[in-house]
Amino acid sequence: MTIAFIGLGNMGAPMARCLIAAGHSVMGYDPVATPDDIPLASSAAEAVAQADVAITMLPNGDILRAVAAEIHAAMRQGSLHLDCSTIDVDSARAVATAAQTLGLHAVDAPVSGGIGGATNGTLTFMAGGRDTAFAMAKPLFEIMGQKAVHCGEAGAGQAAKICNNMILGATMIATCEAFALADKLGLDRQSMFDVVSTSSGQSWSMNTYCPAPGVGPESPADNSYIPGFSATLMLKDLRLAQHAAQTSGATTPLGDRATDLYADMVELSGMGGMDFSAMLTLLTDKD
Ligand code: NAD
């Protein structure tokens, strides 16, 4: 297959490398990142001109809308636009409608699994779009990931992603608060982990990605909170979730509070570049 890959940042470049390693012909484009092991075009339009599939992996919905306007006009009839960025549901739906109007197929498929998952081809994709479009994307999901869930029509992938990450943000804070309370009560952190990780308080945040250093499996807490998943990206996803909650009329008080706490971590404490589990240091340093 001939594949255009637009957006070769922390996630896009390793995803493109997985496709190249699987034998596909990839042409990349990024105005800033120019990895020397990926063939590059001089514009997004040039990259997509001969492609069966154009994949985008971009920072936000405004940038995706601008890139989509450029590439849709240059894509071949019947080809697929597969967007893997994490963006707002409205932009995902608008881009899919624009693609279909021009005779293109479209899938929104944000990912979970981070840079490690992108490098190892073990991402989880949550996809929105028509059945035919999902079927076109499926062989590529199998190369770049280990699981792909077809969640529904256009925008459903983004909806699933922000719901998942709202749970993640809230459970990470709850896990950090529990460690802070345990510290005050004189309960050692290993005992806390041993009990909670096998009791009803367990979660991915505790069991797999424990925010307390030296406890549980290896996690960013054991590596000076180098991401992993940065607090800035967590704040971005929580804000997408709150925007979606407001526009759809959903009630999400914990998601709202988690957004405020991550905004403080990023904007007041200047910790946006640290892993999101470093929330623990803010809760335990307040004496
Ligand atoms: P990144 O900032 O490293 O990469 C984004 C790339 O897009 C950059 O290289 C930038 O130059 C490029 N870009 C910007 N404008 C462009 C344009 N007009 N045309 C072409 N390229 C353009 O970000 P990332 O970490 O790779 O994340 C990409 C997306 O994946 C984001 O939506 C993010 O929320 C999501 N995501 C990231 C992670 C993670 O752990 N990093 C995990 C899951 C999802």
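Residues numbered from 1 in each chain as written. Predicted model: local features only at pLDDT ≥ 70, side-chain atom pairs only at ≥ 80, totals over all residues. Heavy atoms only, no water.

### Focus on the overall build of the chain
- Along the chain, the regular secondary structure elements total twelve helices and eight strands.
- The C-alpha atoms of the chain give a radius of gyration of 20 Å, which matches the 19 Å a tight globule of 287 residues would have.
- The C-alpha extent of the chain, read off along each of the three principal axes, is 65 × 45 × 35 Å.
- The buried share of the chain, reckoned over its 287 residues, is 48%.
- Taking contacts inside the chain between residues at least 6 apart in sequence as the whole, the part at least 24 apart equals 63%. (Helix = DSSP H or I, 4+ residues; strand = E, 2+ residues; numbered from the N terminus. Rg over C-alpha atoms; globule rule 2.2 N^0.38 Å. Buried < 20%, exposed > 50% of the residue type's maximum accessible area, 1.4 Å probe, protein only. Contact = heavy atoms within 4.5 Å.)

### Side note on the confidence of the model for the chain
- With 99% of its residues at a pLDDT of 70 or more, the chain has an overall mean of 97.
- For this predicted complex, the interface confidence reaches an ipTM of 0.99, while the overall pTM sits at 0.94. (pLDDT = per-residue confidence, 0-100.)

### Some thoughts on the site of the ligand
- Neighbouring the ligand are 22 residues; Asn10, Met11, Asp30, Leu58 and Lys236 lie closest to it.
- A distance of 2.6 Å is found between an oxygen atom of the ligand and a side-chain nitrogen or oxygen belonging to Asp30.
- Thr86 places a polar main-chain atom, nitrogen or oxygen, 3.0 Å from an oxygen atom of the ligand.
- Starting from 830 Å² of accessible surface for the ligand in isolation, the protein chains cover 82%. (Near = heavy atom within 4 Å. Polar contact = N/O pair within 3.5 Å; in protein donor to acceptor, adjacent residues only side chain to side chain. Areas by Shrake-Rupley, 256 points an atom, 1.4 Å probe, with all protein chains shown as cover.)

### Some remarks on helix α6 (residues 131–144)
- Between its first and last C-alpha atoms α6 spans 20 Å; for 14 residues at 1.5 Å apiece the expected length is 20 Å, and the two agree.
- Where α6 bends most, at Lys138, the angle is about 40°, and the proline Pro139 comes one to four residues later.
- Buried within α6 are the following residues: Ala133, Phe134, Ala137, Leu140, Phe141 and Met144. (Expected span 1.5 Å × (residues − 1). Bend = angle between axes of the 7 residues up to and from the residue.)

### Here's the deal with the packing of aromatic side chains
- One pass over the full model with this rule turns up six aromatic pairs.
- Pairing Phe125 with Phe141 gives two aromatic rings, centres 4.6 Å apart and planes at 35°, and the pair type is tilted. Of this pair, Phe125 sits in strand β7 (residues 123–128) while Phe141 sits in helix α6, placing them 16 residues apart in sequence.
- Given a relative accessible area of 0%, Phe125 falls into the buried group.
- Their ring planes at 35° and their centres at 6.3 Å tell us that Tyr262 and Phe276 sit as a pair that is tilted. (Phe/Tyr/Trp six-rings, centres within 6.5 Å; stacked < 30°, edge-to-face > 60°.)

### A word on the environment of Phe276
- If you trace the backbone, Phe276 turns up in the loop between α11 (253–268) and α12 (279–285).
- Residue Phe276 is classed as buried on the basis of its relative accessible area of 1%.
- For the pair Phe276 and Leu185, spaced 91 residues apart in sequence, the C-alpha separation works out to 25 Å.
- Apart from residues lying up to four places away in sequence, Phe276 is in contact with Leu168, Met172, Trp204, Tyr209, Phe229, Ser230, Ala231, Met234, Tyr262 and Met265.

### Re the pairing of β7
- Burial within β7 is extensive, with five of its six residues counted as buried.
- Where strand β6 (residues 111–112) and β7 come together, two bridges link them in antiparallel fashion. Directly across from Ser112, in β7, lies its bridge partner Thr124.
- Across six bridges, the pairing between β7 and strand β8 (residues 145–152) is parallel. Residue Thr124 lies in a different strand from β8, and its bridge partner there is Lys147.
- The parallel pair β7 and β8, bridged by α6, forms a crossover whose chirality is right-handed. (Pairing = 2+ DSSP bridges. Right-handed = clockwise from strand over helix to strand, strands pointing away.)

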